[in-house]
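An overview of the molecular structure
Residues per chain, in single letters:
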Amino acid sequence: MNYTRSRGKEGCVMRLFLKYRYLTLMLVPSALIILVHSYLPMFGVFIAFKNINYIDGIWGSPWVGTDNFNFLFTSGSLWRITRNTVLYSLVFMIVNLLLSVGIAVAINELRGRLLAKGYQSFIIMPHFLSMVVVSYLVYAFLHPEHGLINAFVLEGLGKDPVYWYTEKSFWPYILVLVNAWKGIGIGAVIYIAAIAGIDPEYYEAAVIDGASKWKQLLHITLPSIQPVIIIMTILSMGSIFSADFGLFYQVPLDSGALYPVTDVVDTYVYRALMKMNDIGMSSAAALVQAVVGFIMVLATNATVRRINREQALF
Amino acid sequence: MSSRVSRRDNSIAMLPNTILHTLFVLLSLACVLPVVLVTIVSFTDGDSILNKGYSFFPEKFSLIAYTSIFKDYGMILGGYTVSILLTIVGTVASVILMALYAYPISRSDYPYRNFFTFFLFFTMLFNGGLVSRYLVYTQLLGLRDSYIALLLPLLIIPFNVIIMRTFFQTTIHPALIESARIDGAGELRIFFRIVLPLSLPVLATMGLFSTINYWNDWFNALLFINSEHKYPLQYLMMRVLSDVQFLRSNVELAAQNPELLRNLPNESLQMAMAVIGMGPILLVYPFFQKYFVKGLTIGAVKG
Amino acid sequence: MRRTKWGWQGTMVLTLLLALLLQGCSGGPANNEPVNAGTNNPPAASGTEEPPATGAEAEELEPYEVSIVYFGTPQRDDALVEEKINEYLKEKINTTVDLRPIASSEYKQKTELMLNTGEAVDLMFTASWLGFTSNVTKGAFLELDELLDQHGQGIKETIHPLYLEAPRYKGKLYAVPTNKEITQGLSLTYRKDIVDKYSIPIEDINTMDDLEPWFELLKEKEPQLILNYVAGGGDNLMYETKSNYRPIGPTPEKMTLFLYDYTSTGDVEVKSVLDPEIVDINKKEYELYRKYYEKGYINSDAATTTTNVSDLRKQGKIWMQRAVWKPGADIELKIATDNQYDFVSHVVEEPIVTTDLATGSMMSIARTSKNPERAMMVLNYLHTDPYLINLIVNGIEDQHYKKVGDNRIEPIADSGYGSTALFWVIGNQLLNYLKPGQPDDLYTGWQEFNDNATRSPLLGFVFDDASVKNELSQLVAIINEYKTISSGAIPNPSQLIDERNTKFKAAGIEKVQAEVQKQIDAWFAEK
């Protein structure tokens, strides 16, 4: 690595800077935008340690130490929301990864490019629906009286209707399903792009060597898109302690009976603070999520680094 | 030049192909039918929905949802104009800026790449929260009620930049850059003449993501825009939907003022708004995809 | 790893530097002042060197723009109406206004952002259900007693005096309520044609239990009806029909946690929902709903329905509902069904004036106002000037409505203004023109109603939740989890009540109860 070597020599710093000035110049505009949009507001982290009132304003309000964090950690449901959040994040991550990669690989292999193109545009459709609309759609299936499942499927089978919104045992599956339905299309697009970047000569060589499709998949396709898979995984580790609010709040229609399986950090904080009007407490919750995400990413990255230095994010 | 192996020689056998096609047809149906259902519901008579719920074959069709939305067509047209312009400008600017950032940090010889990668990456994990962002935007930058407040937040999506970086890393061979440099090309020339043309697939993908982001964004409009004529379409649609939800959860308020509920849009109207909101992007998507596939083919013939 | 660390530290240093920089530019001058202090305001705000609120008043009124933030969906012709208002007020008090309607769903979030960031605002709509108390305790609004005396004489003359007792904190007035009906009773309201057809003696039906035989009859004879429509759950309890208990203290998510006997004189004793007597009422009520649900009297989707009850009412599926009652309520309902059905009501709960109800819709002056006097003058106009209030509520004559009588109008459909219900939000509703269907004596009826309303012994008491925030945030979570058990759609409500109450106890409901009692005692002592 160039950089490490040259860093020792003092005189090199300037020369190095000059040598790469155009590259630096290229990323300066974007870096400035990141600075303004993301870094400037970061000073707001201190709000989590203050008891804000409007007379003293944000700067003058008194410091309260970690008081704002108490409500998170004294909560009787702490274990429940932590478990739900982390488990769902992990399951979503794995399910969506497998399905997206599977779809990307399969689409790439299909005969009939036109059809493949068609499938691709169809499976991305759910991504465009807002969670509110999705919640109506799910409701159309699960309505106790004229929902499609109760009215057609179960009645057709001669079974008793299921009161979906008060029966919590089904919801882990429903949520995973809805999340996958909404997310795999866009995930697949990323992997299709990655596969498209693979040099076709590899495959040509493989065919000449008589490698089967399966072998090609294992030895060419997957290894080639592995960096993308790893990066996507590291990135989703960062949000392991956050959840898609719309999915957990809108889709189960905020039904209390389902909380044991639908309550996650984001919904808990929202419900607890909605009426409370306290930015200190909500900042505290956000900070905890960020710190956990940060640690998770560093840990994952360190693990990846240990296995294969080249593929770590940094 | 090695003799090309045609695609046909390396494609899968007939049986698995059929199975895969069947699976994809089912999957596509699962994804399309709900969207079709939304569309049908938007054309369904309100009473039919109340009595029978959603149905692919409603008892009675009705155009009332659309006529009542387009009664105020000035507003809808204005919303479309803002959304379309914002999406076009935003997507172009965003793809260029992100590529400009992603390329240097993809170069293994660039000395500051670790710093700038982390500089970017760190923002994915920490943010100052809504209040401080609002402060910076409105008071430091003076962006209240400005289109720039809608443009800026979505210009650089760290996640997408990192995907781009990876794409550059895996597809642009360092030797290619090295040989260009020996030919006397400068960094900028290399980037625009060699790197970008080779990266069309990822550029198209990011373009699509940006389009979706800008088109669907309503939250920034909620925060920063006050003038009715500056609102993008999604915000106008979203506002009606969330007002419905708000009144539903504030039963007391609604009970005290029955009039508040009276003009509330029913579900067919809400679905019509969803259709109006997502319609254009569903129309644009195939175009993008065409480009996207073109990008794929370019990727395939290189070498 | 070393290089990573360097990058990380570099970033942190940079962030800190920026934070300091920022503090230097916007936080520097102001420790006791609102943050913005004119940082970024264009020169439009004329009197930047305005003397403080209590200072000597300017002899000549300089031009000033009063911004009004209120609860209502923006309308197409907002700008036209604003122009008309400006024409009028310019002449009267050399003032213009900046109308800033905010849609209902985002009102709370947007106004809180404004308050948190110290944005300059003059008049701001607020209400008990929008966190009025917590905003006052945080210092969002100005004290109004003096301003009201100086510039709000008209308000003092027109508004019912009980109104000005309610929005107080530590004895000081912080908002002026909209002048309308001051409280609401609770009634059982029926579709008149059904009542007549089966000669249902509604005067004798005072509780939900009394309805059982009629549910049974109608289930058979009128199967198309939803006999008892329940949406979502929440607090459907009718303590009032069984006792004299009324809610007090924090009612997060509209859930009654603490109660007091409103007929008590002298000391008031606070009870929580853990009190055996209350638990008993609770269980009976929920079990009853469960029974009704099982018998099919309650809609099957009671726990989660997303249907707009107004649509069902228009369809004629609702024959009975628990409704808020005030004079003219039946007619409001009739209008809400596009005049298809007539309604009759039997009042089952005596209306009493509580802090909560009397502060249901108010205007306050934000601390950031640069000219509170002028804001109060405008508010005074909104309470006393029929032309102005009708302009803002109904729009411009012949463009948004037609005048069909002395005090009566006919709105023009799709005119671009007047479709948002603003009458209850701004100023003095008693000065609003009557709309089709409303009886001529509507407002005199309200005045009478206001005069006769019983005053709660705790009127004017507000609970400051600062010291029990942790407990409350946990209680809210539990409330939400169990709110659907009141809908009848969930089996075993009694068992769930016990479960819920155990959790309440663990979450510290007793501590909150003690705090409510303490504050009430202190409040009495102060009086």
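Residues numbered from 1 in each chain as written. Chains lettered and ligands numbered in written order. Predicted model: local features only at pLDDT ≥ 70, side-chain atom pairs only at ≥ 80, totals over all residues.

Helix and strand content of chain C: 19 helices and 17 strands. For chain C, with 527 residues in total, the buried portion stands at 50%. Taking as baseline every contact in chain C between residues at least 6 positions apart, the subset at least 24 positions apart corresponds to 75%. (Helix = DSSP H or I, 4+ residues; strand = E, 2+ residues; numbered from the N terminus. Buried ≥ 20, exposed ≤ 12 C-beta atoms within 10 Å, placed from the backbone. Contact = placed C-beta atoms within 7 Å.)

A few words now on the overall build of chain B. Each helix and strand in chain B was counted, giving 16 helices and 0 strands. Within chain B, the proportion of its 303 residues that are buried is 46%.

Residue and element names in this part refer to chain C. Per the domain assignment, the segments making up chain C are domain 1 (64-181 + 358-452), domain 2 (184-231 + 307-350) and domain 3 (236-306 + 462-527). Each of domain 2 and domain 3 has a C-alpha centre, and the two are 26 Å apart. Taken together, the contact pairs 16 residues of domain 2 with 16 residues of domain 3. Within the residue set of the side of domain 2 that touches domain 3, elements represented by two or more residues are α8 (212-221) and β12 (343-349). Class assignment for the residues of the side of domain 2 that touches domain 3 results in 9 nonpolar, 4 polar and 3 charged. (Domains from an automatic or database assignment. Nonpolar A, V, L, I, M, F, W, Y, C, P; charged D, E, K, R; others polar.)

A few words on the interface of chain B and chain A. Counting from both sides, the interface comprises 83 residues of chain B and, opposite them, 75 residues of chain A. No other element matches helix α1 (residues 14-42) of chain B, which puts 13 residues into the side of chain B that touches chain A. The residue makeup of the side of chain B that touches chain A, split by class, is 54 nonpolar, 22 polar and 7 charged.

This part covers the sheet that holds strand β10 (residues 271-272) of chain C. In space, the 3 strands of this open sheet follow the order β8-β9-β10 (chain C), with antiparallel pairing throughout. The strands lining the two open edges of the sheet, one partner per strand, are β8 (245-248) and β10 of chain C. (Pairing = 2+ DSSP bridges.)

This paragraph deals with the interface of chain A and chain C. Many analyses report the size of an interface as the accessible area lost when the parts associate. Tallying the contact residues gives 41 residues for chain A and 48 residues for chain C. Those elements that provide at least two residues to the side of chain A that touches chain C are α4 (57-60), α5 (70-73) and α15 (265-274) of chain A. Broken down by class, the residue content of the side of chain A that touches chain C amounts to 23 nonpolar, 13 polar and 5 charged.

This next bit is on the sheet that holds strand β7 (residues 185-191) of chain C. All names here are of chain C. Read across the sheet, 3 strands follow the order β11-β7-β12 without closing on themselves; strand pairing throughout is antiparallel. The open sheet terminates on both sides in strands that have one partner only, identified here as β11 (320-325) and β12. On average, each strand axis in the sheet is inclined to that of its neighbour by 35 degrees, with strand direction left out of account. Taken together, the 6 bridges between β7 and β11 define a ladder with antiparallel strand orientation. By the bridge assignment, Leu186 is partnered in β11 with Val324. Seen against the sheet, helix α12 (residues 329-336) touches β7, β11 and β12 and runs at an angle of roughly 135 degrees to β12. (Axes fitted to C-alpha atoms, helices over the stretch in contact; angles between N-to-C directions.)

Before going further, it helps to spend a moment on the pairing of strand β1 (residues 64-71) of chain C. Residue and element names in this part refer to chain C. Here β1 lies mainly inside the structure; 7 of its 8 residues are buried. In the sheet, β1 pairs with strand β2 (residues 95-102) via 8 bridges, with the strands oriented parallel. Within β2, the position partnered with Glu65 by the bridge is Thr96. Since β1 and β2 lie parallel, the crossover through helix α2 (residues 78-93) that links them has a hand, and here it is right-handed. Here 2 bridges tie β1 to strand β3 (residues 123-126), and the two strands are oriented parallel to one another. When the bridges of β3 are listed, Val69 appears paired with Met124. (Right-handed = clockwise from strand over helix to strand, strands pointing away.)

Residues and elements named next belong to chain C. Confidence in the prediction for chain C averages 83 pLDDT; 87% of positions are at 70 or higher. Overall, residues 1-59 carries pLDDT values under 50, and its contacts beyond four positions in sequence, including any with other chains, amount to 70 contacts. Both confidence scores are given for the complex: pTM 0.82, ipTM 0.81. (pLDDT = per-residue confidence, 0-100.)

Turning our attention to helix α14 (residues 372-384) of chain C. All names here are of chain C. Compared with the 18 Å implied by 1.5 Å per residue over 13 residues, the 18 Å span of α14 between its first and last C-alpha is a close match. Among the 13 residues in α14, 12 count as buried, and that is most of the element. Buried within α14 are the following residues: Pro372, Arg374, Ala375, Met376, Met377, Val378, Leu379, Asn380, Tyr381, Leu382, His383 and Thr384. (Expected span 1.5 Å × (residues − 1).)

Another point: the environment of C:Met362. Residue and element names in this part refer to chain C. Tracing the backbone through its elements, the reader meets Met362 in strand β14 (residues 362-365). Along the backbone, Met362 and Val425 are 63 residues apart, and their C-alpha atoms lie at a distance of 7.2 Å. In contact with Met362, not counting residues within four places along its chain, are Thr126, Ala127, Pro167, Ala175, Val176, Pro177 and Thr178.

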